[in-house]
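Structural overview
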Amino acid sequence: MSSAVSTRTPTGVLELAVEQVLASVRPAALGDPVVGARRAEESLRDALRDAGPVEDNIALQHALACAEAACEHLKYCEIQEARTLLTAARGQLVLAHERA
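Residues numbered from 1 in each chain as written. Predicted model: local features only at pLDDT ≥ 70, side-chain atom pairs only at ≥ 80, totals over all residues. Heavy atoms only, no water.

Here's the deal with the overall build of the protein
Per the secondary structure count, the protein includes 4 helices and 0 strands. The helix and strand sequence of the protein, counted from the amino end, reads α-α-α-α. The C-alpha atoms of the protein give a radius of gyration of 13 Å, which matches the 13 Å a tight globule of 100 residues would have. Here the protein holds 100 residues, and the buried ones make up 36% of them. Restricting the contact set of the protein to residue pairs at least 6 apart, pairs at least 24 apart contribute 63%. Of the roughly 5,800 Å² that the protein leaves accessible, carbon and sulfur atoms contribute 52%. (Helix = DSSP H or I, 4+ residues; strand = E, 2+ residues; numbered from the N terminus. Rg over C-alpha atoms; globule rule 2.2 N^0.38 Å. Buried < 20%, exposed > 50% of the residue type's maximum accessible area, 1.4 Å probe, protein only. Contact = heavy atoms within 4.5 Å. Areas by Shrake-Rupley, 256 points an atom, 1.4 Å probe, with all protein chains shown as cover.)

Structure representation (structure tokens):
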């Protein structure tokens, strides 16, 4: 993760959390998938709360929706589905930066 990402913006908060959660739920990083999924879910939910309200940035709204859906999959230890949604969120965050 680049240190140039500002975590003071909703986009930055979510981007940092998505990158950290994606890294934490890699198959090689998961010792106990249930514990790892729960920790990842908590971390992502905290970031979603910290991201705050979203204004007109549709890409950021989509990224938030993907991250929220990923939380639901993590809740049920559906790691692959969560990773797919987090990857989609990352793509939307790239677009959100362009539109900010």
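Concerning helix α4 (residues 79-99)
Because the α-helix completes a turn every 3.6 residues, residues three or four places apart line up on one side. Between the first and last C-alpha of α4 there are 30 Å, a value that for 21 residues agrees with the 30 Å anticipated at 1.5 Å per step. Taken as a whole, α4 has its buried residues at I79, A82, L85, L86, A89, L93 and A96. Looking straight down α4, one finds that the buried residues subtend no more than 115 degrees of arc, so they occupy a single side. Exposed positions of α4 whose direction lies more than 90 degrees from the buried face are Q80 and E98. On the buried face of α4, the contacting elements are α1 (10-24), α2 (33-51) and α3 (58-75). (Expected span 1.5 Å × (residues − 1). Arc of directions from axis to C-beta.)

Focus on the environment of L93
Position of L93 among the secondary structure elements: in helix α4. Relative accessible area serves as the criterion here: at 1%, L93 is assigned to the buried category. Distance in space between the C-alpha atoms of L93 and P27 is 24 Å, their sequence separation being 66 residues. Ignoring anything within four residues of it in the chain, the contact list for L93 reads T11, L14, E15, V18, L60 and A63.

Some points on the nonpolar core
In this structure, L14, V18, L44, L74 and L86 are the most contacted members of the largest nonpolar core, which totals 30 residues. In terms of residue count, the dominant contributor to this core is α3 (9 residues). Beyond its immediate chain neighbours, meaning those up to four positions away, L14 contacts L48, L60, A63, L64, A67 and L93. (Core = buried A, V, L, I, M, F, W, Y, C linked by side-chain atoms within 4.5 Å.)

Regarding the state of the cysteines
A covalent bond between the sulfur atoms of two cysteines is what we call a disulfide. Applying the stated criterion across every chain yields a total of 0 disulfides. Between C66, a cysteine without a disulfide, and C71, which holds the nearest cysteine sulfur, the sulfur-to-sulfur distance is 12 Å. For C77, which is in no disulfide, the shortest distance to another cysteine sulfur is to C71 and amounts to 13 Å. (Disulfide = S-S within 2.5 Å.)

It is worth stressing that arrangement in space is one thing and function is another; only the former is reported here.
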